[in-house]
Each structure stands twice: as structure tokens, then as C-alpha cells.
Amino acid sequence: MSVLLTGGAGYIGSHTAVEMINAGKEIVIVDNLYNSEAKVIDLIEQITGVRPKFYKEDCCDKKALEKIFSENEIDTVIHFAGYKAVGESVEKPAEYYRNNIDSALCVIEVMKEFGCKSIVFSSSATVYGSDATVPYKEDMPTGGCTNPYGWTKYMIEQILRDQAKADKELSVVLLRYFNPVGAHESGLIGENPKGIPNNLMPYIAQVAAGIRDHLNVFGNDYDTPDGTGVRDFIHVVDLAKGHVLAVDYAKNHKGCEAINLGTGNGYSVLQLMRAFEDVNGIKIPYEFTPRRAGDLGSCYADASKAKELLNWKAGLGINEMCRDSWGYQKNKK
Ligand code: NAD
Ligand code: UFG
């Protein structure tokens with residue numbers, strides 16, 4: 001039996017592939033390489049000594065998915081595939097709804113056709129919307145998303161919840177990620193944004209590498225200890241390990257569960273930047289600029305449900321996150 005990782009060549013998917021293989025699981029990857037490169041499959045092999053089976057296909061192509069399911073015994077899907085840039089989703093909403101919703105629907109339909117009964121979905125803390133109060137807990141209302149990307153996550157959660165109501169044999173785990181950062185300690189795989197990074201950690205890493213001359217800190221007038229935004233940064237390897245446990249959980253349970261994957265700790269933009277400077281011995285020049293539209297002041301998880309249901313807890317701290325982000329960035333130079 002194999003676990004299918006859609007979008008498995010991407011940032012979180014590739015780290016999950018490594019942890020799945022390390023845990024002795026058989027995996028198959030499907031990715032259209034829209035936001036990743038085929039060489040990631042070689043790197044997964046280099047890290048683990050096992051080459052995962054790979055299909056370069058689009059998850060919106062049902063025929064292609066049917067072929068994958070007919071050639072492999074897939075008992076669980078981890079659905080990572082999707083577009084993820086918040087700002088771009090505001091510019092190109094139709095593309096985001098089409099790709100994210102269509103790929104999820106195709107995966108769900110083909111799973112049904114082949115009797116595959118468990119799915120782990122990459123959701124996001126963004127589904128809690130702008131009115132939620134920290135720490136975010138899974139039973140809080142969702143919705144009120146501030147951008148089309150967030151709405152796609154909200155809608156796919158709803159689709160999967162409905163699907164689990166209709167099919168009592170189905171097991172759905174909605175993993176709501178907080179802010180994944182860091183990279184595999186080998187420095188071989190990591191986050192490789194195209195163009196100017198939108199996210200904080202890759203931007204800091206590019207300033208450290210001399211690719212950008214300074215960090216713009218978006219707002220210093222939030223209601224937070226130092227006025228800058230607070231986030232629940234989580235090491236991508238911890239996140240990946242959470243998926244391994246979620247797959248086991250999904251196989252033994254029915255119904256639909258939403259689970260936060262965060263550390264439960266909030267760090268500010270300035271705290272993260274200073275930790276990066278201290279751990280790596282590199283100065284990061286910065287300037288305060290106005291708030292970025294749509295940003296929240298504070299966002300962090302109540303991480304107790306993941307501990308309770310998955311026996312998962314983040315093990316790596318902010319120093320490892322900064323060390324490994326720089327380790328990957330350095331390797332790319
Ligand atoms: P990523 O872009 O690195 O990985 C996504 C992968 O999916 C890419 O390799 C891309 O080529 C592939 N893909 C996109 N559309 C596809 C399609 N139609 N068919 C096949 N492959 C397709 O992103 P990531 O950071 O690894 O995120 C993985 C998932 O986690 C996404 O669904 C994302 O929305 C979600 N998520 C990410 C974050 C984050 O901060 N990185 C936070 C919350 C949720
Ligand atoms: N920030 C800066 N300068 C930058 C980039 C970011 O100051 O150049 C600040 C932001 O204002 C925010 C913090 O750093 O306060 C984190 O910003 P990111 O862009 O790294 O992350 P977000 O919290 O905005 O968004 C991330 C993911 C989304 C996901 C959301 C909630 O990118 O996909 O977390 O999980 F929806």
C-alpha cells in the first residue's frame with residue numbers, strides 16, 4: 001500500500017516525502033512542477049536512499065489521476081497540490097479557485113472511484129479569518145477570509161467535511177498549518193520562491209545572502225510586545241513529521257477532524273530577525289514600512305489537539321528554524 005503525495009515536489013511535500021520514507025512508508029508523488037523542480041525527486045533520494053515513484057501530472061487531470069491509482073495501491077492521499085501565494089490570489093482569483101478547487105475535487109472523485117478512504121489535506125490557519133482571537137482553536141468558527149487563497153482552503157475544508165458526512169467510511173484530516181519555515185538539515189531541500197519572496201523567512205535569508213539589501217518590516221504599530229506582527233513559526237521538518245502521524249491517525253479513524261499544526265508560541269518579526277542574526281552571525285539591515293494590507297497583528301495556535309490526537313508536538317525551536325533556513329539558502333549560492 002502506498003500514500004500518494006500530490007504536490008510532493010514542493011516545499012512541504014518534499015520534506016514530508018523524506019519523513020514518510022524515513023518512517024518506512026511507501027510513497028508516490030504527483031506534481032505538475034508548476035512551483036517546483038524535477039531535481040527535488042533526486043534530492044529526496046539523496047537524503048533517504050530511496051527513490052520515490054514520481055508522476056509529472058496535473059491533479060486537475062482526472063484521467064492522469066486514474067492512471068496513477070490504477071498503477072499503484074493508494075490507501076491514503078496527502079493533498080498538498082495547489083497555488084499558495086496570498087497576494088497573487090487577489091490578482092488572479094479565477095486561476096486560484098480553478099486550480100485549488102478543481103484539483104481537490106478530482107482527487108476526491110478518483111479516490112471514491114478506487115475505494116481510497118483516507119485523505120490528509122493541507123489547510124491553513126488563514127481559515128480562521130480576521131475576526132478570530134488568539135490562540136486559534138480548532139472549534140472556533142472559520143470563514144471571513146481576507147483573500148481568494150484563504151477562501152479556497154475554507155471551501156475545500158467544507159467539501160471534505162460534506163464528503164465525510166456522505167461516506168461514513170471516509171477519514172479526513174484537515175491540517176491547519178501556521179507559518180512553516182526552515183529546511184531539511186542537509187541543506188538540500190527547502191523553500192525556493194520564484195522572484196521576490198512574499199514570506200518573511202525567505203526574504204530574511206535573501207537579505208543575508210546579499211540578494212536583497214534590506215528587510216522591509218511591515219508595520220511597527222500592532223498591539224504586540226514590540227509592535228511588529230507575531231506569528232507561530234513552525235519548522236518544516238516538525239510539520240512533515242505531523243503528516244506521518246496524521247496518515248496513521250486517518251487510517252484508524254472515520255469522519256473529519258481539523259487539527260492545528262503550530263508550536264503554540266508566537267514570535268514577532270523583529271524577534272525572528274534577531275534570532276537569525278544571532279544564530280548565523282549575519283546582520284540583517286531593516287526598515288519599518290507601513291502595514292501590509294490584509295495582515296493580522298497576531299496569529300498563533302492552540303496546539304493541544306495535535307498532541308491529544310496525534311501525539312505530536314513541535315520539537316525544533318526558532319534557532320533551528322533560522323539555522324536551517326540559512327543552511328539551505330547558503331547551499332543555493
Ligand atoms: P509549494 O508551492 O512549494 O508546493 C505545492 C506543489 O504543488 C508545487 O510543487 C506545485 O508544483 C504543485 N502543484 C500546484 N498545482 C498543482 C496541480 N494542479 N497538479 C499537480 N501539482 C500541482 O507549496 P508548499 O508551501 O509546499 O505548500 C503545500 C500546501 O500547503 C499548499 O496547498 C499550500 O496552500 C498549503 N499551505 C502552505 C503554507 C506555507 O506557508 N507554505 C501555509 C499553509 C498552507
Ligand atoms: N513580513 C515583513 N516583511 C516581509 C514579509 C513579511 O515584515 O518582507 C511580516 C508580515 O507582515 C507578517 C509576518 O512577517 O507580520 C509573517 O508574514 P509571512 O508573509 O511570512 O506570513 P503570513 O502570516 O502573512 O502568511 C502565512 C502564509 C499563508 C497562510 C498564513 C496563515 O504565507 O499562506 O501564513 O497560515 F495563509
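This text gives an overview of the structure that appears in the document. (Residues numbered from 1 in each chain as written. Chains lettered and ligands numbered in written order. Predicted model: local features only at pLDDT ≥ 70, side-chain atom pairs only at ≥ 80, totals over all residues. Heavy atoms only, no water.)

## Structural notes on the pairing of strand 1 (residues 2–6)
Line of reasoning, step 1. Along strand 1, five of the five residues are buried, which leaves the element largely enclosed by surrounding structure.
Line of reasoning, step 2. In strand 1, alternate side chains face the same way, and those of Ser2, Leu4 and Thr6 on one face and Val3 and Leu5 on the other are all buried.
Line of reasoning, step 3. Sheet topology places strand 1 next to strand 2 (residues 27–30); four bridges connect them, and they run parallel. Its bridge partner being in strand 2, Leu5 is matched across the sheet by Ile29.
Line of reasoning, step 4. In this view, the connection linking strand 1 to its parallel neighbour strand 2 by way of helix 1 (residues 11–22) has right-handed handedness. (Buried < 20%, exposed > 50% of the residue type's maximum accessible area, 1.4 Å probe, protein only. Helix = DSSP H or I, 4+ residues; strand = E, 2+ residues; numbered from the N terminus. Pairing = 2+ DSSP bridges. Right-handed = clockwise from strand over helix to strand, strands pointing away.)

## A look at the nonpolar core
Line of reasoning, step 1. If you look at the biggest cluster of nonpolar residues, it comprises 38 residues, and the most contacted ones within it are Leu5, Ile27, Ile78, Val120, Val173 and Leu175.
Line of reasoning, step 2. At the level of secondary structure, the elements contributing two or more residues to this core comprise strand 1, helix 1, strand 2, helix 2 (39–48), strand 6 (171–177), helix 8 (236–252), strand 11 (255–261) and helix 10 (304–310).
Line of reasoning, step 3. Per element, the largest residue contribution to this core is eight residues, and it comes from helix 8.
Line of reasoning, step 4. Residues contacting Val173, with those up to four places away along its chain left out, are Ile119, Val120, Phe121, Ala246, Tyr249, Ala250, Glu257 and Ile259.
Line of reasoning, step 5. The next biggest cluster of nonpolar side chains, apart from the first, holds 28 residues, and it includes Phe69, Val77, Ile156 and Val172. (Core = buried A, V, L, I, M, F, W, Y, C linked by side-chain atoms within 4.5 Å. Contact = heavy atoms within 4.5 Å.)

## Remarks on the site of ligand 1
Line of reasoning, step 1. Lining the immediate surroundings of ligand 1 are 27 residues, of which Asp31, Asn35, Ser36, Phe80 and Tyr149 lie closest.
Line of reasoning, step 2. Between ligand 1 and the protein, one listed contact pairs an oxygen atom with a backbone N or O atom of Tyr34 at 3.0 Å.
Line of reasoning, step 3. For ligand 1, the accessible surface in isolation is 820 Å², of which the surrounding protein chains cover 95%.
Line of reasoning, step 4. For the shell around ligand 1, the secondary structure elements donating two or more residues are helix 1, strand 5 (118–124) and helix 6 (148–166).
Line of reasoning, step 5. No other element matches the three residues that strand 5 contributes to the shell around ligand 1.
Line of reasoning, step 6. Among the residues forming the shell around ligand 1, the class breakdown is 12 nonpolar, 10 polar and five charged. (Near = heavy atom within 4 Å. Polar contact = N/O pair within 3.5 Å; in protein donor to acceptor, adjacent residues only side chain to side chain. Areas by Shrake-Rupley, 256 points an atom, 1.4 Å probe, with all protein chains shown as cover. Nonpolar A, V, L, I, M, F, W, Y, C, P; charged D, E, K, R; others polar.)

## Re the sheet that holds strand 9 (residues 230–231)
Line of reasoning, step 1. Spatially, the three strands line up as an open sheet ordered 12-9-14, and their pairing is mixed. Every other strand in the sheet has two partners, leaving strand 12 (267–268) and strand 14 (298–299) as the edge strands with one partner each.
Line of reasoning, step 2. As judged from the two bridges shared by strand 9 and strand 14, these two strands associate in the parallel manner. When the sheet's bridge partners are listed, Arg231 is paired in strand 14 with Cys299.

## Observations concerning the pairing of strand 2
Line of reasoning, step 1. By the alternation rule, side chains of strand 2 split into Ile27 and Ile29 and Val28 and Val30, which are all buried.
Line of reasoning, step 2. Bridge analysis of strand 2 against strand 3 (residues 53–55) gives three bridges, and the strand direction is parallel. Directly across from Val30, in strand 3, lies its bridge partner Tyr55.
Line of reasoning, step 3. A crossover connection joins strand 2 to the parallel strand 3 through helix 2; in handedness this β-α-β unit is right-handed.

## Details of the sheet that holds strand 4 (residues 74–79)
Line of reasoning, step 1. Read across the open sheet, the seven strands follow the order 3-2-1-4-5-6-11; overall the sheet is parallel. Each of the sheet's edge strands pairs with one partner strand only, and the pair in question is strand 3 and strand 11. Taking the axes of each pair of neighbouring strands and ignoring which way they run, one obtains an average angle of 20° across the sheet.
Line of reasoning, step 2. Looking at chain direction, strand 5 and strand 6 are connected through seven bridges and run parallel. Following the sheet pairing, Ser123 is matched in strand 6 by Arg176. (Axes fitted to C-alpha atoms, helices over the stretch in contact; angles between N-to-C directions.)

## A short note on the environment of Thr16
Line of reasoning, step 1. With respect to the secondary-structure elements, Thr16 resides in helix 1.
Line of reasoning, step 2. You can call Thr16 buried: its relative accessible area is 0%.
Line of reasoning, step 3. Separated by 227 residues in sequence, Thr16 and His243 place their C-alpha atoms 6.8 Å apart.
Line of reasoning, step 4. Excluding residues that lie within four positions of it along the chain, Thr16 makes contacts with Leu5, Ile78, Phe80, Ala240 and His243.

## Some details on the packing of aromatic side chains
By convention here, two paired aromatic rings are described through the distance between centres and the angle between planes.
Line of reasoning, step 1. This structure, assessed with the given rule, holds eight aromatic pairs.
Line of reasoning, step 2. Considering the side-chain rings of Tyr83 and Tyr96, the 5.3 Å spacing of their centres and the 65° angle between planes classify their relative orientation as edge-to-face. With Tyr83 in the loop between strand 4 and helix 4 (86–91) and Tyr96 in helix 5 (residues 93–113), this pair connects stretches of sequence that are 13 residues apart. Neither residue differs from the other here; Tyr83 and Tyr96 are each classed as buried.
Line of reasoning, step 3. Seen from their ring centres, Phe276 and Trp326 are 6.2 Å apart, and the 70° between their planes marks the pair as edge-to-face. Within this pair, whereas Phe276 is found in helix 9 (residues 269–280), its partner Trp326 is found in helix 11 (residues 318–332), the two being separated by 50 residues in sequence.
Line of reasoning, step 4. Judged by relative accessible area, Phe276 falls into the buried class, the value being 0%.
Line of reasoning, step 5. Here the aromatic cluster, defined as three or more aromatic residues joined through ring pairs, consists of Tyr34, Tyr83 and Tyr96.
Line of reasoning, step 6. In this structure, Lys194 is placed above the aromatic ring of Tyr34, and the distance from its NZ or CZ to the ring centre is 5.9 Å.
Line of reasoning, step 7. A cation over a ring is seen here: Arg291 above Tyr222, with NZ or CZ 4.1 Å from the ring centre. (Phe/Tyr/Trp six-rings, centres within 6.5 Å; stacked < 30°, edge-to-face > 60°. Lys NZ or Arg CZ within 6 Å of the ring centre and 35° of its normal.)

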